[in-house]
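# Chains, contacts and geometry: an overview
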Amino acid sequence: DTAVSQTPKYLVTQMGNDKSIKCEQNLGHDTMYWYKQDSKKFLKIMFSYNNKELIINETVPNRFSPKSPDKAHLNLHINSLELGDSAVYFCASSQGLAGSYEQYFGPGTRLTVT
Amino acid sequence: GQNIDQPTEMTATEGAIVQINCTYQTSGFNGLFWYQQHAGEAPTFLSYNVLDGLEEKGRFSSFLSRSKGYSYLLLKELQMKDSASYLCAVRDSDAGNNRKLIWGLGTSLAVNP
């Protein structure tokens, strides 16, 4: 009964390839997020969707494209992978955006670009 | 600009008390969160403060002073399993793009026997 799940957990690929990471939550939450955590452990928001609508879109390269087919799923597609994309990518969800709604994180996807 | 400051590392002894400080400068304020992240794992929610004062939750307490832009997380009766990174995050506003959380770099706490 995993709350927020991501696949794959590990992803090793070569520069220039295209890859996708999938995220699903079974908490009934309206809001989902993608974060990037680099080697310095800084957690950086990339995107957020609320009821399938993109509401937060930070300054990330347009090689990164999120897609939310429904409220329970938020996928991340990355084109033309670069060495600097190596990081841990976390998906998260929350009941809403405002107030005290805490975020529940998935286990993370460790992406290594060689 | 938006800024969250926390000490990078702290060390404490099992059974002791440790206080992890967080100062923030944001254009707005709509709540402060503390998360715990063990090495190789996802962050997990610990506490939320939006009003001044102390919130106690078992061995963990969190304090907020909005006028000083300051919070601390207090961990009592430290256990080895408390060795982790503790992340402070502030919700800047409650509207538009600013509803995102602004995260600190985290404080890596090592609990020694």
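Criteria and cut-off values
- Residues numbered from 1 in each chain as written.
- Chains lettered and ligands numbered in written order.
- Predicted model: local features only at pLDDT ≥ 70, side-chain atom pairs only at ≥ 80, totals over all residues.
- Heavy atoms only, no water.
- Core = buried A, V, L, I, M, F, W, Y, C linked by side-chain atoms within 4.5 Å.
- Buried < 20%, exposed > 50% of the residue type's maximum accessible area, 1.4 Å probe, protein only.
- Helix = DSSP H or I, 4+ residues; strand = E, 2+ residues; numbered from the N terminus.
- Pairing = 2+ DSSP bridges.
- Axes fitted to C-alpha atoms, helices over the stretch in contact; angles between N-to-C directions.
- Contact = heavy atoms within 4.5 Å.
- Buried area = accessible area lost by both parts, 1.4 Å probe.
- Salt bridge = Lys/Arg side-chain N within 4 Å of Asp/Glu carboxyl O.
- Polar contact = N/O pair within 3.5 Å; in protein donor to acceptor, adjacent residues only side chain to side chain.
- Nonpolar A, V, L, I, M, F, W, Y, C, P; charged D, E, K, R; others polar.

## Description of the nonpolar core
- If you look at the biggest cluster of nonpolar residues, it comprises 21 residues, and the most contacted ones within it are Leu32(B), Trp34(B), Leu75(B), Tyr86(B) and Leu109(B).
- When residues of this core are traced back to their parent elements, those giving at least two are β3 (18-25), β4 (32-37), β7 (60-65), β8 (70-75), β9 (84-91) and β11 (107-112) of chain B.
- By size, the runner-up hydrophobic cluster in this structure holds 20 residues, among which are Val4(A), Cys23(A), Met46(A) and Ala87(A).

## Considering the sheet that holds β3(B)
Residue and element names in this part refer to chain B.
- Here we have 5 strands laid out as an open sheet, ordered β1-β3-β8-β7-β6, and antiparallel in their pairing. Edge strands, defined here as strands with exactly one partner in the open sheet, are β1 (3-5) and β6 (53-57). Taking the axes of each pair of neighbouring strands and ignoring which way they run, one obtains an average angle of 15° across the sheet.
- Sheet topology note: the β7/β8 ladder contains 6 bridges and is antiparallel. Bridging across to β8, serine 65 finds its partner in tyrosine 70.

## Concerning the interface of chain B and chain A
- Taken together, the contact between chain B and chain A spans 18 residues of the former and 22 residues of the latter.
- Between chain B and chain A, roughly 1700 Å² of surface is buried when both sides are summed, and carbon and sulfur atoms account for 56% of that area.
- Where chain B touches chain A, the interface holds 1 salt bridge.
- Close ionic contact of Lys100(B) with Glu58(A) constitutes a salt bridge, the shortest N to O distance being 3.5 Å.
- Our enumeration of links across chain B and chain A arrives at 4 residue pairs in polar contact (both at pLDDT 80 or more).
- When residues of the side of chain B that touches chain A are traced back to their parent elements, those giving at least two are β4, β5 (44-49), β9 and β10 (101-103) of chain B.
- In the side of chain B that touches chain A, the residues fall into 10 nonpolar, 3 polar and 5 charged.

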